[in-house]
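Below, each chain spelled out in residue letters.
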Amino acid sequence: MAPPVDLLRDQLLSNTPLKFLSHDQSPVPSLREASFLLFADSPVDLLAPAGFNDYSLLSVVFLQQNQTLDHANYLQQCLAFGNSIGKEVKGISFVDRKKLLDFLSRPVTTKRIADDSEESESKKLKIQDPVEVAFIEMMKTKERTLNLPNPTMFAKGTKNFAGIIKMGHEVFPKPGSKPPPKPNPTTQMPPPSSKSKPADPRVSLSKSRLSKNGKNDTSAIPIIIVPGGNHGPLNIWNVEEFLGENPKYVSPQERRQEKTVTGAPRIKPDEIILKRKPDKPGAPSEYKIIDSPATMLHNSDWPRVKAVFVMGEEWEFKGWKWKDPVDLFNNVKGFHLKFNDDVTKDTIKQWNVTPLTVKLGSETRFYCKT
């Protein structure tokens with residue numbers, strides 16, 4: 001099935017009214033009472049990732065229905081609406097807002113944006129707007145280089161630009177002044193600092209534990225992958241409680257609303273190191289848990305992947321070593337977590353994964369054995 005943001009776009013462009021379903025999948029009149037959105041004959045959970053950055057389908061639909069609000073008022077309405085229905089409605093950022101609304105309202109010539117997570121920052125697909133292109137070209141024709149006697153930049157606050165001014169004088173000396181001495185060509189330049197390059201999260205993961213000969217140690221800490229985003233029964237927010245020494249189920253929303261010891265909001269972790277007592281001799285005592293394998297894992301890291309939790313969507317595996325679920329679950333143990341009153345998806349029935357059921361209000365005891 002295509003990403004939900006694509007299905008929503010097709011439905012809006014065909015002027016097909018949105019069909020909302022309740023928790024038991026009976027029709028309801030509005031988004032406020034809904035838990036699912038019906039596309040053709042397939043209901044999609046509103047809390048599932050929409051396929052656009054890390055926003056849920058609920059957040060995308062709420063923006064589409066409130067696009068006439070100014071951005072500040074829209075963000076306030078997101079918070080108020082989420083509190084009224086007991087669900088998180090993450091506000092679409094100002095930068096993403098125009099891009100998303102353009103995608104949802106324009107004809108097929110607009111390029112897809114649902115695969116942004118696959119592309120590097122320098123290769124992301126952009127929506128082409130002829131009006132914007134013409135405006136940019138017009139602005140370029142009006143650009144002029146100004147030669148001002150005073151090179152100082154003025155700004156409010158206590159910013160000090162003395163270093164920039166000094167650098168400017170060194171690069172562009174005043175007329176009549178002596179040029180700076182040229183470096184001695186025989187002098188050996190120091191090697192470039194490693195700090196000058198941005199850190200690659202995959203490097204720290206693949207080289208975190210190396211054997212003495214410098215090669216990847218296959219006995220290094222094993223890896224568990226959980227679904228990305230902030231929605232679904234299990235993700236990076238609540239997996240530590242679920243797989244910990246005293247397992248219990250805490251919803252991701254409840255975990256996110258907790259404060260730190262200083263009273264500050266919690267920040268989503270990039271990874272979690274789970275420590276627990278081995279249940280048999282030789283079993284691991286640590287597990288690394290991540291939710292972005294496409295950006296954090298090299299092919300050499302995949303032998304360390306011992307378990308994968310999935311939502312049941314075929315597009316979850318983009319950028320993974322094994323993009324086909326059949327190949328993936330023939331090589332890695334798969335699990336699917338659902339609530340006791342949820343219907344098991346057809347994809348889960350076809351894949352080689354172990355279903356796990358959580359009864360709300362109860363503790364779930366489950367041990368991931370590798």
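Predicted model, so just to flag it, every value in this text is computed and none were measured.

A. Structural detail: unusual backbone geometry. Its identity is not glycine, yet asparagine 15 carries a phi of approximately 60°, on the positive side. One can find asparagine 15 in the loop between helix H1 (4–13) and strand S1 (19–21). For glutamine 25, which is not glycine, the phi torsion reads 65° and is therefore positive. Relative to the elements of secondary structure, glutamine 25 occurs in the loop between S1 and strand S2 (27–28).

B. Broad picture of the packing of aromatic side chains. With the rule as written, the count across this model stands at eleven aromatic pairs. Each ring, one from phenylalanine 309 and one from phenylalanine 335, has its centre 5.3 Å from the other, and the planes form 25°; the classification is stacked. Of this pair, phenylalanine 309 sits in strand S8 (residues 305–310) while phenylalanine 335 sits in strand S9 (residues 333–339), and the two are 26 residues apart along the sequence. Among the residues examined, phenylalanine 335 registers a relative accessible area of 6% and is labelled buried. Ring centres 5.2 Å apart and planes at 80° place the aromatic pair phenylalanine 317 and tryptophan 320 in the edge-to-face group.

C. Broad picture of helix H3 (residues 71–85). For H3, with 15 residues, the first-to-last C-alpha span of 21 Å sits near the 21 Å given by 1.5 Å per residue. On its buried face, H3 is in contact with helix H2 (57–65) and helix H4 (94–105). Measuring from the side-chain oxygen of the N-cap residue of H3 to the backbone nitrogen of alanine 72 gives 3.3 Å; that N-cap residue is aspartate 70. Immediately beyond the C-terminal end of H3, within one or two residues, lies glycine 86, with a positive phi of roughly 75°.

D. The arrangement of the sheet that holds strand S10 (residues 353–358) in detail. Within the open sheet, the six strands sit side by side as S6-S7-S5-S8-S9-S10. Their pairing is mixed. Of all the strands in the sheet, just strand S6 (271–275) and S10 have a single pairing partner and so form its edges. Here the average twist between neighbouring strands, direction ignored, is 25°. Looking at chain direction, S8 and S9 are connected through four bridges and run parallel. By the bridge assignment for S9, valine 310 is matched with histidine 336.

E. Broad picture of the pairing of S6. Only one face of S6 is covered, namely the face carrying Ile272 and Leu274; the face carrying Glu271, Ile273 and Lys275 is uncovered. By the bridge criterion, five bridges tie S6 to strand S7 (residues 286–290) in an arrangement that is antiparallel. Its bridge partner lying in S7, isoleucine 273 is registered against lysine 288.

F. Just the nonpolar core, in detail. Among the nonpolar cores identified, the biggest contains 32 residues, and Leu8, Leu31, Leu37, Leu57, Leu58, Leu100 and Leu104 are the most heavily contacted of them. Within the residue set of this core, elements represented by two or more residues are H1, strand S3 (36–39), H2, H3 and H4. No other element matches H2, which puts six residues into this core. Every residue in contact with leucine 58, bar those within four places of it in the chain, is listed here: Leu31, Leu46, Leu47, Phe81, Ile85, Lys87, Glu88 and Val89. In terms of nonpolar packing, the next biggest core, distinct from the first, is built from 20 residues, Ile272, Tyr287, Ala307 and Phe335 among them.

G. Up close: the pairing of S7. Of all five residues making up S7, four are buried, and the element is well covered by its neighbours. Note that strand S5 (residues 223–225) and S7 share three bridges and pair parallel. In the sheet register, isoleucine 225 faces S7, and the bridge partner there is isoleucine 290.

H. Quick look at the environment of arginine 255. Structurally, arginine 255 can be placed in helix H9 (residues 252–257). The spatial distance from the C-alpha of arginine 255 to the C-alpha of asparagine 238 is 6.4 Å, given a sequence separation of 17 residues. Sequence-distant contacts of arginine 255, defined by excluding residues within four places in its chain, comprise Trp237, Glu241, Val250 and Arg266. Only 2.7 Å separates the side chain of arginine 255 from the side chain of glutamate 241, close enough to count as a polar contact.

I. Quick peek at the environment of asparagine 330. As for its placement among the helices and strands, asparagine 330 is situated in helix H11 (residues 325–331). Look at asparagine 330 and you get exposed, because its relative accessible area is 57%. With 22 residues separating them along the chain, asparagine 330 and asparagine 352 place their C-alpha atoms 7.3 Å apart. At 3.1 Å, the side chain of asparagine 330 forms a polar contact with the backbone oxygen of valine 326.

J. How the structure looks around the pattern of salt bridges. All told, the structure shown has ten salt bridges when counted by the stated rule. Its salt-bridge partner being aspartate 301, residue arginine 304 comes within 3.3 Å of it at the nearest N-O pair. For glutamate 313, the salt bridge is made with lysine 345, and the minimal N-O distance between the two is 3.1 Å. One end of the pair, glutamate 313, is in the loop between S8 and H11; the other, lysine 345, is in the loop between S9 and helix H12 (346–350), and 32 residues separate them in sequence. Among the residues examined, glutamate 313 registers a relative accessible area of 11% and is labelled buried.

Cut-off values and rules
- Residues numbered from 1 in each chain as written.
- Predicted model: local features only at pLDDT ≥ 70, side-chain atom pairs only at ≥ 80, totals over all residues.
- Heavy atoms only, no water.
- Helix = DSSP H or I, 4+ residues; strand = E, 2+ residues; numbered from the N terminus.
- Phe/Tyr/Trp six-rings, centres within 6.5 Å; stacked < 30°, edge-to-face > 60°.
- Buried < 20%, exposed > 50% of the residue type's maximum accessible area, 1.4 Å probe, protein only.
- Expected span 1.5 Å × (residues − 1).
- Contact = heavy atoms within 4.5 Å.
- Polar contact = N/O pair within 3.5 Å; in protein donor to acceptor, adjacent residues only side chain to side chain.
- Pairing = 2+ DSSP bridges.
- Axes fitted to C-alpha atoms, helices over the stretch in contact; angles between N-to-C directions.
- Core = buried A, V, L, I, M, F, W, Y, C linked by side-chain atoms within 4.5 Å.
- Salt bridge = Lys/Arg side-chain N within 4 Å of Asp/Glu carboxyl O.

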